[in-house]
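# Reading the structure
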Amino acid sequence: MSVISKIKDFFRKGGAAIGMTNSLSKISDDSRIATNQDEIDRIKLAQRYYAGNYLAKKGADINTVSYFNSQGEKRNRRFNAVNITQMVAKRQASICLNSGFDVSIDSKSQDDTQASFNVGDTVILSANHMPNMQGAIAKIDSADNGAYEVDYWPTDGSAEVTNHKWVIDNEMMPTNQDFPAVSPGKIDSTSTMSSMASNSSSQTDNEDDPMSDLSDFIDKWLEDSGVNSNLEGKLEQGIPSGGFAARPYVDNGQIKVAWIRASQFFSLDANTEEISQAAIASKSVKVVDKERYYYTLLEFHQWASDGTYQITNELYKSTDANQVGEQVALGTDNMYVDVAPQVNFSNFKRPLFVYFKCPGQNNIFPESPLGVGFINNCQNILDAINYAHDSFVWEMRMGRRKVLVPPEVVRPGDEYHKTGQFDPDQDTYQSVEGLGDGTNPVVQINPDIRIEEYQQTMQYFLHELENAVGLSSGTFTTDTTGGVTTATQVVSENSMTYQTRSSYLNRISKFISELIQSMIQLAQTPELFDGNKPLLSDIDLDDLQISVHYDDGVFVDKDAQAKQDMLAVQAGTMPKKQYIMRNYGKSETEAEEWLNEIKAETPTAPTNENPFESDANNGGDE
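Residues numbered from 1 in each chain as written. Predicted model: local features only at pLDDT ≥ 70, side-chain atom pairs only at ≥ 80, totals over all residues. Heavy atoms only, no water.

## Thoughts on the pairing of strand E10 (residues 254–260)
The element E10 is largely enclosed, with a buried count of 5 among its 7 residues. Pairing of strand E9 (residues 243–251) with E10, which is carried by 7 bridges, proceeds in the antiparallel orientation. By the bridge assignment for E10, Ala-245 is matched with Ile-260. Taking the residues that link successive antiparallel strands as the turn, the E9-E10 hairpin has 2 residues, and the phi of Asn-252 there is positive, at about 55°. (Buried < 20%, exposed > 50% of the residue type's maximum accessible area, 1.4 Å probe, protein only. Helix = DSSP H or I, 4+ residues; strand = E, 2+ residues; numbered from the N terminus. Pairing = 2+ DSSP bridges.)

## What about a nonpolar patch on the surface?
Side chains of Tyr-584, Trp-594 and Ile-598 sit close together on the surface and give an oily, nonpolar patch of about 300 Å² of accessible area. Relative to the elements of secondary structure, Tyr-584 occurs in helix H13 (residues 576–584). Its relative accessible area of 49% is what places Tyr-584 among the partly exposed residues. (Patch = residues over 30% accessible without salt bridge, like charges linked within 9 Å, V, L, I, M, F, W, Y side chains within 5 Å. Areas by Shrake-Rupley, 256 points an atom, 1.4 Å probe, with all protein chains shown as cover. Salt bridge = Lys/Arg side-chain N within 4 Å of Asp/Glu carboxyl O.)

## Section: the packing of helix H3 (residues 84–97) against helix H8 (residues 374–398)
Two elements in contact, H3 and H8, have axes separated by 10 Å at closest approach and are oriented at 130°. Judged by the inter-axis angle, H3 sits oblique to H8. Of H8, the residues touching H3 (which contributes Ile-84, Thr-85, Val-88, Ala-89 and Gln-92) are Phe-374, Ile-375, Leu-382, Ile-385 and Asn-386. Looking at side-chain class alone, the contact of H3 with H8 contains 7 nonpolar, 3 polar and no charged residues. (Axes fitted to C-alpha atoms, helices over the stretch in contact; angles between N-to-C directions. Parallel < 35°, antiparallel > 145°, perpendicular 65-115°, else oblique. Contact = heavy atoms within 4.5 Å. Nonpolar A, V, L, I, M, F, W, Y, C, P; charged D, E, K, R; others polar.)

## Brief notes about unusual backbone geometry
Residues Lys-165 and Trp-166 are joined by a peptide bond in cis, for which omega reads -10°. Relative to the assigned elements, Trp-166 resides in strand E7 (residues 161–168). A positive phi angle is found at Lys-290, which is not glycine, with a value near 65°. Note that Lys-290 resides in the loop between strand E12 (278–288) and strand E13 (291–303). Of note, the phi angle at Asp-333 is positive, near 55°, even though the residue is not glycine. Looking at where Asp-333 falls in the secondary structure, it is placed in the loop between strand E15 (326–328) and strand E16 (342–345).

## Description of the packing of aromatic side chains
This model, assessed by the stated rule, comprises 17 aromatic pairs. Taking 5.5 Å as the distance between ring centres and 40° as the angle between the ring planes, the aromatic pair formed by Tyr-309 and Phe-348 counts as tilted. Taken together, the positions of Tyr-309 in strand E14 (residues 309–318) and Phe-348 in the loop between E16 and strand E17 (354–357) put the pair 39 residues apart, joining distant regions of the chain. The two residues Tyr-309 and Phe-348 agree in class, both being buried. For Arg-32, the ring lying beneath its charged end belongs to Phe-300, and the centroid distance is 3.8 Å. Geometry around Trp-394 places Arg-77 over its ring, the cationic atom sitting 4.3 Å from the centre. (Phe/Tyr/Trp six-rings, centres within 6.5 Å; stacked < 30°, edge-to-face > 60°. Lys NZ or Arg CZ within 6 Å of the ring centre and 35° of its normal.)

## Here we look at helix H9 (residues 451–469)
In this model, H9 (19 residues) spans 27 Å end to end at C-alpha, consistent with the 27 Å of a helix rising 1.5 Å per residue. Contact partners of the buried residues in H9: H3, H8 and helix H11 (495–523). Note on H9: the residue one or two positions beyond its end, Gly-470, has a positive phi of about 80°. (Expected span 1.5 Å × (residues − 1).)

## Notes on empty space enclosed by the protein
Throughout the structure, instances matching the rule amount to 1 cavity of 30 Å³ or more. The computed volume of the largest cavity comes to approximately 40 Å³. What lines the largest cavity is simply Arg-42, Ile-43, Ser-241, Ala-262, Phe-265, Tyr-355, Leu-370 and Gly-371. Looking at the lining of the largest cavity residue by residue, the classes come out as 5 nonpolar, 2 polar and 1 charged. (1 Å grid on protein atoms, 1.4 Å probe; cavity = no way out; pocket = protein on both sides within 12 Å on 5 of 7 lines; lining within 4 Å. Points joined across faces, edges and corners; volume = space filled by probe spheres on them.)

## Observations concerning the sheet that holds E10
An order of E10-E9-E17 is seen for the 3 strands of this open sheet, with the pairing classed as antiparallel. What marks the edges here is a single partner per strand, and that holds for E10 and E17. Each neighbouring strand pair of the sheet contributes to a mean axis angle of 25°, computed without reference to strand direction. Here E9 runs beside E17; their pairing, made up of 4 bridges, is antiparallel. Bridging across to E17, Ala-246 finds its partner in Val-354. Running over the sheet, H11 touches E9, E10 and E17 and is turned about 175° from E17.

## Some details on the environment of Glu-592
Mapping Glu-592 onto the fold places it in helix H14 (residues 588–601). Along the primary structure Glu-592 and Gln-578 are separated by 14 residues, whereas in three dimensions their C-alpha atoms are 9.9 Å apart. Separated by 3.0 Å, the side chains of Glu-592 and Lys-577 make a polar contact. (Polar contact = N/O pair within 3.5 Å; in protein donor to acceptor, adjacent residues only side chain to side chain.)

## Considerations on the nonpolar core
Counting residues in each nonpolar core, the largest one holds 85 residues, and the members touching the most others are Phe-101, Phe-265, Ile-508, Phe-511, Ile-512 and Ile-520. Broken down by element, the residue count for this core peaks at 11 residues, all from H11. Excluding anything up to four places from it in sequence, Phe-265 contacts Ala-245, Ile-260, Ile-275, Ala-278, Ala-279, Ile-280, Phe-353, Tyr-355 and Leu-370. If you look at the next biggest cluster of nonpolar residues, it comprises 14 residues, including Val-123, Leu-125, Met-133 and Met-172. (Core = buried A, V, L, I, M, F, W, Y, C linked by side-chain atoms within 4.5 Å.)

Right, dumping it as C-alpha cells:
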C-alpha cells in the first residue's frame, strides 16, 4: 500500500485512555512531552471526581468508608456522595450552549472593498435627499467620519449641484464611469437604480459566490459531523479537568470529528499560551494466544524545520494496562495496519488539532499551556460537601426509630402457632435480654436527627462552591421566593453567572473558529479523497472572518433589545446593517443583501416635492 493510500486511513477517532511512550512507565518520561507527571495526575484526579468517585483509598473500593462498630470490629460501608462536580460542569456547559449557536462566514478582503470611499471617487447615488438625485453620477469632494460631501449631476439634465452635504456609504454605489465635465443629459433614474439593484443582487445572490457556498458547506458539516449536537456534552466533560481537544479526520470521503479528553492530550510546547504541537494517545485491548495485550498508539503532531506539518505514529505493546511496554511496528497483531508511520502536509497553516482551554490562568502549573479545572482549586470544598452529605445520610440511617423488647416478644411461631408475633419484614423491634424490671418490657428509642444543622452546613459549603466556580448565589440552593422573573432581573440577580458565561463563550468561539479552519485545511488536501478531488479549493484561511452567534436566551430580553436598537437606528447612533445582524442573527454579507433589497423596493421621491421640504425631512442637507 502506497503512502498516499495510507494517508486516507490515517485519521482515526482515537482511543479511550492515556498512553505511555517508548519502554518507559510514564508518558511524562518521554523527552518530547512538555506536560509533567504532576499535571497528568491532576487531570486524572479531576476526571475521577467528575465520575463521582470522591473517596479513593489504596487497597479499598472507590467510595468506601472503613470504620469500627460498637464491638470493635472493622466494617466497610458505601460513602454516600452527591456528584456535585458533575452538577457544576453540566450547569456551566448548559448556560453556554443550551440554545445552540450559529456561524457566519465573511471575507476580510471583501469587507475591505466595501469600506469607505475616497475623495475623488466617482459614484452613483442611491440617496434621494433632493429631486433628481437618486441614480445621479457624483464625485466625492470630502469625507468626515463616514459622511461625504459630493458634487453631482441631477438626472433631469439640470445644472450641477456642488458641495452637497452629506451622503453616507450606504447611499452610494461604486462605478467605473468618469465624472463628466458637463451635464450628461436626462438620466432615467428608475432604470439606473433598477440596474444597480440588479447588479448588486447578482453579486450577492450569485450561486457561485464562494462565501455563500462555503457558508452552506460549513453549516452542513457542523450538523453532519455532530459538532452542533455534541459540543455541549464535550464541554461538560472538559470543564472539570480544564480543557479538551478535537481533531477532524477523513472517513470515506467525509470529514468527521474525533473528540479528545484531557487525559489523552499532551502538550509538546511549554511556556506559551497557544499549543501548536501535541501528542494524542489512543489505547486498545486485544487477546492474542489467550493473553490480553494493551496497545497504545501515539500521534505526535509537530512542525518540521521547513514549515511542513508532520504527524508521526508510534505503536506500543504491553501486558500491563498501566505500562506502555515496548515499541513495535505498526500493524503488529493486525493493529493499525493501514496507518502510515509518518505523513507531511505542506499546505497547513495551523495545527490539525484544536484545544479548548477553560477561562483563567493555570495557577497550579503556570508554565503549562493547559487549562486548569475548578476541581483542583475546589477539592476541599467538594470534599466538605460530600462529607456533610454522607454524615447526614448515615445519621438518618442510624437514627431510625427503634423499639427494644424482651426476646420472647419476637420469638418465631411454634407447631401450635404457625406465625410469628410480627411481620417477618419488620426490623423496628429489636430483642434485648434482661430488659427493665418487667414492669415496662418495651422501650422506645426515637433519636432526633439534626436536619437543620446539616442543612445549614450544606448551604454554607454550596455557597462557597458557587463563589469559587463563578456561579451566582442560589444556583445550587432552593429559593422559596419563586415568582416570574424578567430577563433584566435574571441578568441583575445572576450577574456572576452572566460574567462566567461570557468568559466561556469567548473561548468557545475561538475553539469553533479554529476547528472550522482545521476542517477546511483537510477539505483542501487532494490526496485524502478519491480521485484526488478535494471537497474545497482556493479558500484562504487568512482571508476568512468566522463569527459565532449565540442565543442569549433568558439573559437577554429580546423584545426590549429590539425596541432599544430601533430607537438607536432612528437616532442615527446604530447602523441599519448592525441592527439586522444583531436582531436577526445575519452575517454582514446577508445584512448587506437585505439592505440592497430594501433600497431596490423603496419608491423614488416624487418629482414635484418641494426641495426645502425634502431637505428638512432628510436631516437638514444644505
